[in-house]
Amino acid sequence: MVADRPDSFLGVEASLSGRRWIGPSPEVARQAEAIGQATGLSPSLCQTLARLGVPCEGALDYLEPTLKALLPDPASLRDMHKAAARVCRAVRDRERIAIFADYDVDGGASAALLIDWLRQQGRAATLYIPDRIDEGYGPNEPAMAELARGHDLIVCVDCGTLSHGPIAAAAGTDVVVLDHHLGGETLPDAHAVVNPNRQDEDGSLGHLCAAAVVFLMLVECGRQMREAGAAGPDLMPLLDLVALATVADVAPLIGVNRALVRTGLKVMARRARPGLVALGDAARLDTAPTSYHLGYVLGPRVNAGGRIGKADLGARLLSETDPHTARAMADRLEQLNVERREVEASVRAAALAQAEERGLDAPLVWAAGEGWHPGVVGIVASRLKELTNRPSIVIGFDGDTGKGSGRSVAGVDLGASIQRLAAEGLLEKGGGHRMAAGLTVARDKLEPAMARLSELLARQGAGTGGAADLRLDGLLMPGAASVETIQDLDRVGPFGAGAPAPRFVFPDMRITFAKRVGEGHLRLSFGDGTGPTLSGIAFGAFDGPLGGALADHRGARFHLAGRVEINDWQGRRSVQLRLEDAAPA
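Let us look at the structure shown here. None of the values given here were measured: they were computed from a predicted structure. (Residues numbered from 1 in each chain as written. Predicted model: local features only at pLDDT ≥ 70, side-chain atom pairs only at ≥ 80, totals over all residues. Heavy atoms only, no water.)

1. Some points on the overall build of the protein chain
- Across its full length, the protein chain carries 20 helices and 18 strands.
- Whereas a compact globule of 585 residues would reach a radius of gyration of roughly 25 Å, the protein chain reaches 24 Å, a difference of no more than 12%.
- By principal-axis analysis of the C-alpha atoms, the protein chain measures approximately 75 × 55 × 45 Å.
- The buried share of the protein chain, reckoned over its 585 residues, is 56%.
- Considering only contacts within the protein chain whose residues lie at least 6 apart along the sequence, 65% involve residues at least 24 apart.
- For the protein chain, the centre of its 62 positive side-chain charges and the centre of its 72 negative side-chain charges are spaced 3 Å apart. (Helix = DSSP H or I, 4+ residues; strand = E, 2+ residues; numbered from the N terminus. Rg over C-alpha atoms; globule rule 2.2 N^0.38 Å. Buried < 20%, exposed > 50% of the residue type's maximum accessible area, 1.4 Å probe, protein only. Contact = heavy atoms within 4.5 Å. Lys, Arg positive; Asp, Glu negative; His and termini not counted. Charge placed at Lys NZ, Arg CZ, Asp CG, Glu CD.)

2. Side note on the sheet that holds strand 8 (residues 392-398)
- Read across the sheet, 5 strands follow the order 7-8-9-11-10 without closing on themselves; strand pairing throughout is mixed. Single-partner strands in this sheet number two, and they are strand 7 (365-370) and strand 10 (429-432). When the angles between neighbouring strand axes are averaged without regard to direction, this sheet yields 15°.
- Where strand 10 and strand 11 (residues 436-442) come together, 4 bridges link them in antiparallel fashion. Residue pairing for strand 11: Gly-430 is matched across the bridge by Leu-439.
- Contacting strand 8, strand 9 (401-407), strand 10 and strand 11, helix 17 (residues 414-423) crosses the sheet at an angle of about 160° to strand 10.
- Against the sheet, helix 18 (residues 446-459) makes contact with strand 7, strand 8 and strand 11, and its axis sits at roughly 165° relative to strand 8, the strand it touches most. (Pairing = 2+ DSSP bridges. Axes fitted to C-alpha atoms, helices over the stretch in contact; angles between N-to-C directions.)

3. A closer look at empty space enclosed by the protein
- A complete count under the given rule lists 2 cavities of 30 Å³ or more for this structure.
- Of the voids in this model, the largest cavity is the one considered here, and its volume is about 40 Å³.
- Around the largest cavity sit Tyr-103, Asp-104, Val-105, Gly-108, Ile-129, Val-302, Gly-306, Ala-311, Gly-314 and Ala-315, which together line it.
- Counting only elements with at least two residues in the lining of the largest cavity, the list comes to helix 6 (105-119), helix 13 (291-308) and helix 14 (313-319).
- Across the lining of the largest cavity, the residue classes tally to 6 nonpolar, 3 polar and 1 charged. (1 Å grid on protein atoms, 1.4 Å probe; cavity = no way out; pocket = protein on both sides within 12 Å on 5 of 7 lines; lining within 4 Å. Points joined across faces, edges and corners; volume = space filled by probe spheres on them. Nonpolar A, V, L, I, M, F, W, Y, C, P; charged D, E, K, R; others polar.)

4. Quick notes on the layout of surface pockets
- Roughly 390 Å³ of internal volume is contained in the second largest pocket.
- If you go around the second largest pocket, you meet 28 residues; those closest to its centre are Asp-240, Met-268, Arg-271, Ala-272 and Arg-273.
- When residues in the lining of the second largest pocket are grouped by element, the largest group, 4 residues, is from helix 12 (residues 274-282).
- Residues belonging to the lining of the second largest pocket are distributed by class as follows: 14 nonpolar, 5 polar and 9 charged.

5. Looking at the sheet that holds strand 4 (residues 153-157)
- Read across the open sheet, the 5 strands follow the order 3-2-4-5-6; overall the sheet is parallel. Bordering the open sheet on either side are strand 3 (126-128) and strand 6 (192-194), each of which pairs with just one other strand. Neighbour-to-neighbour, the strand axes of the sheet open up by a mean angle of 15°, direction not taken into account.
- The sheet contact formed by strand 2 (residues 97-101) and strand 3 spans 3 bridges and is parallel. Note on strand 3: the bridge partner recorded for Ile-99 is Leu-127.
- In this fold helix 9 (residues 210-227) packs onto strand 4, strand 5 (174-178) and strand 6, with an angle of close to 120° to the strand it touches most, strand 5.

6. Remarks on the packing of helix 9 against helix 10 (residues 239-248)
- Following both chains from N to C, one finds helix 9 and helix 10 inclined at 150°, their axes separated by 8 Å at the closest point. In terms of orientation, helix 9 and helix 10 fall into the roughly antiparallel class. For the pair formed by helix 9 and helix 10, the contact residues are Ala-211, Ala-212 and Phe-215 on the first element and Leu-239, Val-242 and Ala-245 on the second.
- Here the contact of helix 9 with helix 10 is composed, by residue class, of 6 nonpolar, no polar and no charged. (Parallel < 35°, antiparallel > 145°, perpendicular 65-115°, else oblique.)

7. Let's talk about helix 15 (residues 323-358)
- Taking 1.5 Å of rise per residue, 36 residues should cover 52 Å, and helix 15 covers 50 Å from first to last C-alpha, within 8% of that figure.
- Three or more residues of helix 15 are buried, namely Ala-326, Met-329, Ala-330, Leu-333, Glu-334, Leu-336, Asn-337, Arg-340, Glu-344, Val-347, Ala-351 and Ala-355.
- Of the surrounding elements, those touching the buried residues of helix 15 are helix 12, helix 13, helix 14, strand 7 and helix 16 (377-388).
- Put simply, Asp-322 is the residue that caps the front of helix 15, since its side-chain oxygen is 3.3 Å from the backbone nitrogen of His-324.
- Immediately downstream of helix 15, the backbone of Gly-359 shows phi near 115°, a positive value. (Expected span 1.5 Å × (residues − 1). Polar contact = N/O pair within 3.5 Å; in protein donor to acceptor, adjacent residues only side chain to side chain.)

Shown next, in the form of structure tokens:
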């Protein structure tokens, strides 16, 4: 209820973007002070640790996540020993292996992990990735039957847990499923189904993406090979793929995921994988990659093939060994990503207008339209979720059938609710995980399905927070925003889903420079009038009121909110604010 809402930060009830600013709670402030007293860490570091719920006794260990300390025993997952033994046998006996993968980053990275691992042992595999529009998500009966005719083993990655019919269609060929999507009450008749989100698992590893599950299986394969007197491939160089998939699939950066991503970023910085090198070069990435680059620079480009181009292009790029071939693939993905942005912009505008007309304060925000490209509905749902702080669904109809995608907020399990709707007959099919889900719905079931979904999500607390709340970690002055400060804060990372980066306010700032750049972005410089000035960038600022108000500031002073980062440019390192919002001072 409104009466229970915390006071607004700096008195900002409605910023230039219409948001209410919320500062640290008293509980977080007390915990930050306690961490500081116990560890001697800087106040900003303690504030971030406290906001993430890190206890005093675990603060120093949290800053150094290691695989040695955090990697779980692969055998703790059901069917893992069986799956690894079957894959090892296929390698040893030179069997014909096929990989059936999803068309997103997690699926592509999972496939590339297996292809790379097999290649190091002189083995190859057939890669099959379904077309998003013609075949849809997951295994289908014709494709599985065809693969079964020419292969001894099919490994389904990032899909397969709910594919009872398609896996049955592969009769005569063993099928191993390595997945993380929510399981149903029964499992398909596969040789092994390894999935931390099976209903008979305890859920302690439910935050793993599919690539992490594949990596754990390769760890188990290595153990079994050593027991048999054989040496398996070094797995550490594969962690760049696991890091990319973890961030791009919006897996929460908690537990072992933090170690996988942090180690994977170090591997990626060595520029040893031709596909990722070519992709980074095509995107003009000239700094060591961060989790931001995985989620917002590299991930979307890998995804572009599956969204509006050739479905297997991303997976083939990630597993490519020839730099020239990789460069050509990366250039093609770059082109497709530009096309994807254009398609997305059109659907986003229509979806936002429809959602606003329906209202943005309900437990669920949704929109549906005829001919909306199924390859971009997930991205648009993500944009709506970010704007409203509500679970969001966007559906594209082709005739009487709609295919949609959804994104959720922390603490609200969207995948389970979607799966329940399918079980109740309101959806033709649906599934996913806590933060993202997909669905197929008949036109005459659309309204009742969305009403029921809104009801289910409300029971989990969706819609109780302010739709436009912007949560902030505190104040920061330009003189204190040094490269050293940011490097100190980065020790708490990697940041992403489940562990958002700290967001600060620079209070009462004077804008000394403001200019529109690129496609609706704003570049600016600001200071308090007595000390140093900082530069900032606000992406998409002119898509709303933020850009115009700051560009035409007329000497007015503003509170500026966003995330500080290190900007590497021509060998020079400086601090930059990634501006997200502003309010009149």
